[in-house]
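Below are the chains, spelled out letter by letter.
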Amino acid sequence: MLAIGLGLHALMHYNGRAGHAGVTPLAWPSNDTVTLAASNPTLIMFAHPQCPCTKASLGELESLVAKAPGRFEGIILFNQPGRNFQSWTNSALVKSARTIPSVHIFFDYDGTVAKKFGAETSGYTVVYSRDGQLLFSGGITGSRGHLGDNTGFQAVLNIVNVTPTYVSASHVTMPSSRSTAPVFGCELFDQCPTSQTARRN
Amino acid sequence: MPDQPDSAPQLNPTTAGGLVQQYRDRLARNTSQIFAVLMLLQWAGAIFTAFIVSPRTWSGTTSSVHIHLWAAIILGGIITALPVALALLYPARVVTRHVIAAGQMLMSALLIDITGGRIETHFHVFGSLAILAFYRDWRVLITATIVVYIDHVARGLYWPQSVYGVLYASPWRAVEHAWWVGFEVVFLTIAIRHSVSEMYEIASRQVELHDSNSKIEAEVKERTAELSSINKQMETFCYSMSHDLKAPLRGIHSYAQILAQDHGNELTSQAKDCLGRIQESATKMNRLLNDLLEYSRVSTAKFTVVPVEISKVTNEAVRLLAAEIQEQGATIKLEPDLGIVLGHEATLIQVMLNLLGNALRYGKLGVPPVLNVRSETCGNRLRISVADNGVGIAPEYHQKIFEIFERVPTPKTQDSTGIGLAIFSKAIERLGGSVGVESTPGIGSTFWFELPGVAAVAPIANSDAQVTATVN
């Protein structure tokens, strides 16, 4: 019983350990890959193409699309570490992401864009308003690899359902508070960039 | 190591309670064995699922084995080991089923975690409860419910987001989750109690039926013994009467003969005719008594069965019928080797005498009888048949002719005692064989009998030499 208890504790500890969240700019950073949507909030999810826990994040994103159709611009940005990892652009996770309706898939060579947005953990999600204000940053799952009710998902859902969709929003008062939630997933980048040894799956 | 009974006393298996206990033990064994296989399959399934769903965890371009895979292998193994061991070693014990219940719920928790909290995996809990109900022991479901509840309470306190997806959860959420488990448990418990109640009803009826059958069997035995005793008494009476009647009959026959020989020339033709009838009647009566005595003998005598050559007994019967054969101009054709059967020589001579004698007696008028004696193998038995070209027998008499005093109503059978074929049938029956007839009126008849055959390995010089069995 002790062994089972310790084992379950270790599992819980791993599943509940949030990943690193970098510093996300409050205003939309310029980049060559993704652009801010003009009529809706823009949601970007940063993902590691091989991270098994991110399946749950994709599942929650799909749920968001179903619950708030047409109310946000969805983008998934997969990290591509370099030319040697060309095969990662066609991983099972990428294929799974392509099945989510109304979501655009991009590949972030060497994680350049992810670093601009402060993403360090797979599943890290940011939501910017039409005028480029940060509304949400963090994860949309409750723990590593687990679907189910969680504060991040609920926060994003509230944001996209409250935010009006018409273009002219000068007289609309945007949500002033920014929401955050812990993110759970694999690290997007190597821990020691100076000693990169790629081990393919 | 044999499964030792639990501390509860073993009830008498002839009572309803005892029968139910036996059945529940058997049920417990079977269910534990089902769980042993199921838990091993679950363990393998958990490892396979973890390998497919989350084999490695990543940090940029480097990876290592995912903790889920380690959990499936190690934690899954620990959860599975004890229940499976108990299921195989002590399948019927009460502690086994409770350990299995706890293990199954812990496996549910592990599978839910490995599959990322999929709602479908939660059904494993409810499916497991249904299978645990196979034990027909509602207490097992309580153990399972407690494990689920402790899991939810503990995780709700230390890691609520893993269960409810929120950082702070009311303790009542645990009750709500356990409620759904309890909901199923309530109805399963009702079903189990009904099932056990039915078991007792069926067992009670079984006991009643068994008692009733026992009484009937005892009565049947008693009645059979009575009937047997009466039969024996009748046979003894028959034998005694037949035997005792022979002496006065001999007297009648002898004195009639003396009268005919010494005073025949003093008698009128009418008186001579009466004397002739007296002698004839005495002869018939003597024949009837002889047949009755023979019937009585074959019915009661103790036979020592030995290998008997059919050719030998047939030749003896032919020799005894030589005068009749010559008188009728009959032809007897015998197969060179008719084989060997397990029987009684003297009785089989009588059998062949009856069969050949009948065949000679019931030939067609003006047609010399032709008799064929053959043998054929039927499995481990030998069938001996005597075929004739006589008057034949109508089908409605094929069964009746083997009964005592039954005869086919023809002019030729008026002088028959009606016992010959009954003697034949009884004799073969007592030697463990069977008899039969195939006959067409106007064509002829084939009488046959079957007895256990013996493979001939050496000529039998003395039929007493090989004693194989005694027939009572």
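None of the values given here were measured: they were computed from a predicted structure.

Caption draft 1: Structural detail: the overall build of chain A. Counting its secondary structure elements, chain A contains five helices and six strands. Reading chain A from its N terminus to its C terminus gives the helix and strand order α-β-α-β-α-β-α-β-β-α-β. Counting only residues that meet the buried cut, chain A has 53% of its 201 residues in that class. Contacts in chain A between residues far apart in sequence, at least 24 positions, make up 80% of those at least 6 positions apart. Carbon and sulfur atoms make up 53% of the accessible area of chain A, which amounts to about 9,200 Å² in all.

Caption draft 2: Focus on the packing of helix α3 (residues 94-114) of chain B against helix α4 (residues 119-132) of chain B. All names here are of chain B. Packing of α3 against α4 leaves a shortest axis separation of 8 Å and a crossing angle of 165 degrees. If you check the angle between α3 and α4, you find them roughly antiparallel. Remark: the crossing between α3 and α4 carries right-handed chirality. Counting all contacts with α3, which are made through Ile 100, Ala 101, Gln 104, Met 105, Ser 108, Leu 111 and Ile 112, the residues of α4 involved are Thr 121, His 122, His 124, Val 125, Ser 128, Leu 129 and Leu 132. Grouping the amino acids of the contact of α3 with α4 by side-chain chemistry returns eight nonpolar, six polar and no charged.

Caption draft 3: Representation of the packing of helix α1 (residues 16-53) of chain B against helix α2 (residues 67-89) of chain B in the model. Residues and elements named next belong to chain B. Packing of α1 against α2 brings their axes to within 9 Å, and their N-to-C directions diverge by 175 degrees. Of the possible angle classes, the one that applies to α1 and α2 is roughly antiparallel. Of the residues in α2, those touching α1 at Ser 32, Ala 36, Met 39, Leu 40, Trp 43, Ala 46, Ile 47, Ala 50 and Phe 51 are His 68, Leu 69, Ala 72, Ile 73, Gly 76, Gly 77, Ile 79, Thr 80, Pro 83, Val 84, Ala 87 and Leu 88.

Caption draft 4: Seen up close, the nonpolar core. Of all hydrophobic cores here, the largest spans 47 residues; its most connected members are Ile 79, Met 105, Leu 110, Leu 129, Leu 132, Tyr 135 and Leu 141 of chain B. Elements supplying a minimum of two residues to this core: α1 (2-16) of chain A together with α1, α2, α3, α4, α5 (138-158) and α7 (171-263) of chain B. The contact partners of Leu 129 of chain B, leaving out residues within four places of it in the chain, are Met 105, Leu 141, Ala 144, Val 181, Glu 184, Val 185 and Leu 188 of chain B. Formed by 43 residues, the second largest nonpolar core is a distinct cluster that contains Val 305, Ala 359, Val 408 and Phe 447 of chain B.

Caption draft 5: Structural view of unusual backbone geometry. Even without being a glycine, Asp 110 of chain A presents a positive backbone phi close to 60 degrees. Topologically, Asp 110 of chain A is positioned in the loop between β3 (103-109) and α4 (112-117). Looking at Asp 110 of chain A, the relative accessible area reads 39%, which means it is partly exposed. Phi at Arg 136 of chain B takes a positive value of approximately 55 degrees, unusual for a residue other than glycine. Tracing the sequence through the fold places Arg 136 of chain B in the loop between α4 and α5.

Caption draft 6: Highlighting the packing of aromatic side chains. Scanning the entire structure with this criterion turns up 13 aromatic pairs over all chains. Judged by centre distance (5.3 Å) and plane angle (85 degrees), the ring pair of Trp 28 of chain A and Tyr 128 of chain A falls under edge-to-face. Of this pair, Trp 28 of chain A sits in the loop between α1 and β1 (42-47) while Tyr 128 of chain A sits in strand β4 (residues 124-128), and the two are 100 residues apart along the sequence. On the basis of relative accessibility, which here comes to 18%, the residue Trp 28 of chain A falls in the buried class. Accessibility expressed as a relative area gives 0% for Tyr 128 of chain A, which makes it buried. Three or more aromatic residues joined by ring pairs make a cluster, and in this case those are Trp 28, Phe 46, Phe 117 and Tyr 128 of chain A. A cation sits over an aromatic face here: Lys 115 of chain A above Phe 189 of chain A, 4.9 Å from the ring centre. Lying over the aromatic face of Trp 448 of chain B, Arg 383 of chain B brings its terminal NZ or CZ to 3.7 Å of the ring centre.

Caption draft 7: Spotlight on the sheet that holds β4 of chain A. All names here are of chain A. The six strands are arranged β3-β2-β1-β4-β5-β6 in an open sheet whose pairing can be described as mixed. The outermost strands of the open sheet, each flanked by one partner alone, are β3 and β6 (179-181). When strand polarity is set aside, the average angle formed by the axes of neighbouring strands in this sheet is 15 degrees. Judged from the three bridges that link them, strand β5 (residues 134-138) and β6 form a sheet pairing that is parallel. Bridged to Phe 136 within β6 is Ser 179. Against the sheet, helix α2 (residues 54-67) contacts β1, β2 (73-80) and β3, and its axis sits at roughly 165 degrees relative to β1.

Caption draft 8: Structural context of the interface of chain A and chain B. Counting from both sides, the interface comprises 40 residues of chain A and, opposite them, 29 residues of chain B. A buried area of about 2,900 Å², summed over both sides, lies between chain A and chain B, and 61% of it is on carbon and sulfur atoms. Across the contact surface, chain A and chain B share zero salt bridges. For the pair chain A and chain B, the interface holds 12 residue pairs in polar contact (both at pLDDT 80 or more). Among the elements that line the side of chain A that touches chain B, the one with the most residues is α1 of chain A, at 10 residues. Residue composition of the side of chain A that touches chain B, by class: 19 nonpolar, 14 polar and seven charged.

Caption draft 9: Just the pattern of salt bridges, in detail. Residues and elements named next belong to chain B. Scanning the entire structure with this criterion turns up 10 salt bridges over all chains. For the salt bridge of Glu 201 with Arg 205, the shortest nitrogen-to-oxygen distance reads 3.2 Å. With Glu 201 and Arg 205 both in helix α7 and four residues apart, this pair spans about one turn of that helix. On the accessibility criterion, Glu 201 (44% relative accessible area) is partly exposed. One network of salt bridges, in which partners are shared, links Arg 97, Asp 137 and Arg 139.

Caption draft 10: Seen up close, the side chain of Ser 385 of chain B. Tracing the chain through its elements places Ser 385 of chain B in strand β7 (residues 381-387). What Ser 385 of chain B contacts, discounting residues up to four positions off in sequence, is Asn 372, Val 373, Arg 374, Thr 446, Phe 447 and Trp 448 of chain B.

Caption draft 11: Highlighting the confidence of the model for chain B. Residues and elements named next belong to chain B. The pLDDT averaged across chain B works out to 84; a share of 89% of its residues lies at or above 70. Every residue in residues 1-5 is under pLDDT 50, and counting partners more than four places away or in other chains gives 10 contacts. Below pLDDT 50 for its whole length, residues 457-472 participates in 28 contacts with residues either more than four positions away or in separate chains. Both confidence scores are given for the complex: pTM 0.57, ipTM 0.79.

What counts and what doesn't
- Residues numbered from 1 in each chain as written.
- Chains lettered and ligands numbered in written order.
- Predicted model: local features only at pLDDT ≥ 70, side-chain atom pairs only at ≥ 80, totals over all residues.
- Heavy atoms only, no water.
- Helix = DSSP H or I, 4+ residues; strand = E, 2+ residues; numbered from the N terminus.
- Buried < 20%, exposed > 50% of the residue type's maximum accessible area, 1.4 Å probe, protein only.
- Contact = heavy atoms within 4.5 Å.
- Areas by Shrake-Rupley, 256 points an atom, 1.4 Å probe, with all protein chains shown as cover.
- Axes fitted to C-alpha atoms, helices over the stretch in contact; angles between N-to-C directions.
- Parallel < 35°, antiparallel > 145°, perpendicular 65-115°, else oblique.
- Left-handed = near helix turned anticlockwise from the far one by under 90°.
- Nonpolar A, V, L, I, M, F, W, Y, C, P; charged D, E, K, R; others polar.
- Core = buried A, V, L, I, M, F, W, Y, C linked by side-chain atoms within 4.5 Å.
- Phe/Tyr/Trp six-rings, centres within 6.5 Å; stacked < 30°, edge-to-face > 60°.
- Lys NZ or Arg CZ within 6 Å of the ring centre and 35° of its normal.
- Pairing = 2+ DSSP bridges.
- Buried area = accessible area lost by both parts, 1.4 Å probe.
- Salt bridge = Lys/Arg side-chain N within 4 Å of Asp/Glu carboxyl O.
- Polar contact = N/O pair within 3.5 Å; in protein donor to acceptor, adjacent residues only side chain to side chain.
- pLDDT = per-residue confidence, 0-100.

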